[in-house]
2 protein chains.
Amino acid sequence: MKNKKTTISDIAKALNLSPSAVSKALNHHPRISKATKEAVQRMAAELQYEPNHLAAALRKGKSHLIGIIVPAIDINFFASVVKGIESIINQEGYNAIITQSDDLAEKEIRNIDALLNTQVDGIICSLANTTSEYDHLEKIMSKEVPLVLFDRTPGRADISTVVIDDYQGAVSATEHLVEEGCQTILHLAGPLETLPYRLRAEGYQDVLKKHNIPFRSELIMPSGLTQTDGINCIKKALNLNLAIDAVFAASDHAALGAMRELAERGIKVPEEVAVVGFSNEGFGPFVEPSLSTVDQHGTQMGEWAAKLLLKQCENKGKKIKYEKVVLPTDLIVRSSSRRK
Amino acid sequence: MKNKKTTISDIAKALNLSPSAVSKALNHHPRISKATKEAVQRMAAELQYEPNHLAAALRKGKSHLIGIIVPAIDINFFASVVKGIESIINQEGYNAIITQSDDLAEKEIRNIDALLNTQVDGIICSLANTTSEYDHLEKIMSKEVPLVLFDRTPGRADISTVVIDDYQGAVSATEHLVEEGCQTILHLAGPLETLPYRLRAEGYQDVLKKHNIPFRSELIMPSGLTQTDGINCIKKALNLNLAIDAVFAASDHAALGAMRELAERGIKVPEEVAVVGFSNEGFGPFVEPSLSTVDQHGTQMGEWAAKLLLKQCENKGKKIKYEKVVLPTDLIVRSSSRRK
DNA sequence: TATTTTTGTTCAATCGATTGAACAGACAGC
DNA sequence: GCTGTCTGTTCAATCGATTGAACAAAAATA
């Protein structure tokens, strides 16, 4: 009458079978008779048997656990990605172990070790922005543990990645502003040494070129893209008398700062200056006027990352094929840029 | 020259020791000589040994995995709670397996089974709001797996829980409005059959009583607390000529709806009507005027939940002591209610 | 020197499930 | 009746680490 958990051998004993027969019955092994299978099922239910995944994982070398590393789970974008990942892997019977790097390379490394030791079947990761060396990624790969990176990725060919099409996102945003009749568009850019921000700036420039709008370098202002940065850039633009009629910011926070400063000066958005941001942060619909932006499809990104990873997991042993998925962005037009 | 992972016996073989000696050396067993310990460490490093937590977990009956169930990870509050939980359990060498119930009792049950089968050492859960039966919780408890509930809890004494002090939160919000000179405060309440909303309504009423402000039942409007509900309630209040000079909403979304509708009618916030919400949603600082609200301290709640859980984990075997933690709320005064 | 204690290590069982090989019985074909 | 194929089941090893008991050698005590 022990309170211990029921094991496979308890069922075996109760039915006068061998543990292996029970295991096979439970796993629908073809060589087990229907009668035995049914008896086992019944007895399992009766004894309230619950499989011990750990034991199976140890034996099979497959834990059905996926490790996830994000900079911070309470950033909406990453939470959406996690949601997407979960929805896919759950369907296939996997569970997610989530860890946070707090944007610290050092913690990222620790987390990877922890995940590896827990014998996860694969790892999905968005790099900390302090990460500059990739030894820890090499480690994952050398152990032949499937790896997929998303959003923040180093530019290398031997890792599967999922990113958004920053260039295209910038193109649609800028096109939209031009269509709304804007000609002097200020671009609040991110640090241009970082690929995504460079791509966004390029998209912006190419649209101007396409529409024969002369390019003026003073209209691209790189910054850290915080709300304060947005405010300062607008101040600068107004002081320089740039006569802008639109702002395309590479982040919603900078866009918001811009809107605040414009309002401060009594400049009407979108009538006098139209504004478009980037990332579709949660506050977009709530600000006044609601903020037009470029959506990054976090959930979808997570789903793709999970799919790529599971594909690698299933082809365990075979040579890994690296895939790059570039997701289209979505322009969300709200009040801050709608003039018509 | 196999690419296989190094195990404890590989180290043993290389040093002409037994696997058990190696295991003990690695675990700082007192009976192992210093010399051996050092040799083992060195060889472990050289062979790039990485422990297999699964194997240890199986043997020791302790996985160092904590299961978390939240309705949805992409709701900011739950993400913060998860962050808090992680910060505590990571310190103690645990990792978190996160699952989402999507607010479906059925999925909650499935997730619990999955977590139990994965042999988690404990479970932290916020119930789905469709959950009305508690058999699945009983199951966890009958297996003597530590369990802590937070935020959404059934009212029972035999489970440890962490919740916020809804009553106190409502009291501070209402007190604040009275201090700002408001006398006719509309309360946008949640469904009053749900405990937290009832407590908030009580806090509101008690403050009025304390200040000898006559209570008028038409000033309490229960709803689903969405933004639309907020809009509708204000419409109703204005149609009834209630002459309100403040709104205390039991959710930020409803508060936002209220502000929108007031703006629509040309009523100034906070000058004519002051507004306070509840929950401190992410958009609060970004709306115009920024929204005063009651903070629920998600991270802190997660930290407490984790602490309670770990305490139970450590006292494994002993009788579980159930604890209830009620966290204080924090009034955040922003522009929507500041008149002075 | 004999005896006890301490120290360092090995032995063997164990956690719970899985899996290929082995085996016995039923049945079919010739 | 002999050989061969199927079926249904058991055997035994295995995944990798842990742990109490056992044991030999060294050190301490008498």
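About the cut-offs
Residues numbered from 1 in each chain as written. Chains lettered and ligands numbered in written order. Predicted model: local features only at pLDDT ≥ 70, side-chain atom pairs only at ≥ 80, totals over all residues. Heavy atoms only, no water. Helix = DSSP H or I, 4+ residues; strand = E, 2+ residues; numbered from the N terminus. Contact = heavy atoms within 4.5 Å. Domains from an automatic or database assignment. Disulfide = S-S within 2.5 Å. Buried area = accessible area lost by both parts, 1.4 Å probe. Salt bridge = Lys/Arg side-chain N within 4 Å of Asp/Glu carboxyl O. Polar contact = N/O pair within 3.5 Å; in protein donor to acceptor, adjacent residues only side chain to side chain. Buried < 20%, exposed > 50% of the residue type's maximum accessible area, 1.4 Å probe, protein only. Axes fitted to C-alpha atoms, helices over the stretch in contact; angles between N-to-C directions. Parallel < 35°, antiparallel > 145°, perpendicular 65-115°, else oblique. Left-handed = near helix turned anticlockwise from the far one by under 90°. Pairing = 2+ DSSP bridges. Arc of directions from axis to C-beta. Least-squares fit on C-alpha atoms with pLDDT ≥ 70 in both.

S.K.: How should the side chain of B:D166 be read in this particular structure?
M.R.: Within the secondary structure layout, B:D166 lies in helix α8 (residues 166-179). Aside from chain neighbours lying at most four places away, what touches B:D166 is B:P196, B:L199, B:R200 and B:F278.

S.K.: Whenever I open this one, the domain arrangement of chain A confuses me. Can you help?
M.R.: As a measure of interface size, the accessible area lost when the parts come together is often cited. By domain assignment, chain A separates into domain 1 (8-51), domain 2 (60-165 + 298-329) and domain 3 (166-295 + 332-337). Taking the mean C-alpha position of each, domain 1 of chain A and domain 2 of chain A sit 37 Å from one another.

S.K.: What's the story with the state of the cysteines in this structure? I'm lost.
M.R.: As used in these notes, a disulfide is a covalent bond between sulfur atoms, one from each of two cysteines. For the structure on display, the rule yields 0 disulfides over all chains. Considering cysteine sulfurs only, A:C182 is the nearest to A:C233, which forms no disulfide, with 18 Å between them.

S.K.: Got a minute to help me understand the interface of chain B and chain A in this structure?
M.R.: The interface of chain B with chain A comprises 48 residues on the first partner and 48 residues on the second. Across the chain B to chain A interface the summed buried area is about 4200 Å²; carbon plus sulfur atoms make up 51%. Counting across the chain B and chain A interface gives 7 salt bridges. Among the ionic pairs, B:K139 bridges to A:E50, the shortest N-O distance being 3.0 Å. Inspection of the region where chain B meets chain A yields 12 residue pairs in polar contact (both at pLDDT 80 or more). Elements with a minimum of two residues in the side of chain B that touches chain A: α4 (53-60), α5 (76-91), β2 (95-100), α6 (105-117), α7 (135-142) and α11 (252-264) of chain B. Among the elements that take part in the side of chain B that touches chain A, α5(B) stands out by supplying 7 residues, more than any other.

S.K.: Teacher, can you tell me more about the pattern of salt bridges here?
M.R.: All told, the structure shown has 31 salt bridges over all chains when counted by the stated rule. The salt bridge partner of A:E218 is A:R216, with a shortest N-O separation of 3.2 Å. Residue classification places A:E218 among the partly exposed positions, given a relative accessible area of 37%. B:K209 serves as the salt-bridge partner of B:D206, at 4.0 Å between the closest nitrogen and oxygen. Placement of both B:D206 and B:K209 in helix α9 (residues 195-210) is noted, with a separation of 3 residues, approximately one turn of the helix. Assessed through its relative accessible area of 30%, B:D206 is described here as partly exposed.

S.K.: What exactly am I supposed to notice about the packing of α8(B) against α9(B) here?
M.R.: Helix packing geometry: the angle between the two helix axes and the distance between the axes. Residue and element names in this part refer to chain B. Packing of α8 against α9 brings their axes to within 7 Å, and their N-to-C directions diverge by 40°. As judged from the angle between their axes, α8 and α9 are oblique. For the element pair α8 and α9, the recorded crossing hand is right-handed. In contact with D166, Y167, A170, V171, T174, E175 and V178 of α8, α9 contributes P196, L199, R200, E202, G203, Y204, D206, V207, L208 and K210.

S.K.: So what exactly am I meant to see when it comes to the sheet that holds strand β8 (residues 246-249) of chain A here?
M.R.: What links the strands of a sheet is backbone hydrogen bonding, and the strands pair in either a parallel or an antiparallel sense. All names here are of chain A. Strand order in the open sheet made by the 4 strands is β7-β6-β8-β9, with parallel pairing throughout. Bordering the open sheet on either side are β7 (220-222) and β9 (274-276), each of which pairs with just one other strand. Averaged over all pairs of adjacent strands, the angle between strand axes in this sheet comes to 15°, irrespective of strand direction. Relative to β8, strand β6 (residues 185-189) runs parallel, the two being bridged by 4 bridges. Directly across from I185, in β8, lies its bridge partner A246. Helix α8 (residues 166-179) rests against β6, β8 and β9 of the sheet, and its axis sits at about 170° to β8. Packing of helix α10 (residues 227-239) onto the sheet brings it into contact with β6, β7 and β8, and relative to β6 it is tilted by some 145°.

S.K.: Can you help me understand helix α2 (residues 19-26) of chain B in this one?
M.R.: Residue and element names in this part refer to chain B. Restricting attention to buried positions, one finds in α2 the residues A21, V22 and A25. Summarising the axial view, the buried residues of α2 lie within an arc of 100°, below the 170-degree limit, and thus occupy one face. Contact partners of the buried residues in α2: α1 (8-15) and α3 (34-46). Of the residues one or two after α2, H28 is the one with positive phi, at around 55°.

S.K.: When you look at the relation of the copies chain B and chain A in this model, what are you seeing that I'm missing?
M.R.: These two copies of the chain differ by a rotation about an axis and a displacement along the same axis. When chain B is fitted onto chain A, the two copies agree to an RMSD of 0.2 Å after a turn of 180° and an axial shift of 0.0 Å. When the rotation and shift are considered jointly, the pair of chain copies conforms to a two-fold rotation axis. Same-surface contact between copies: 100% of interface residues of chain B are shared with the interface of chain A.

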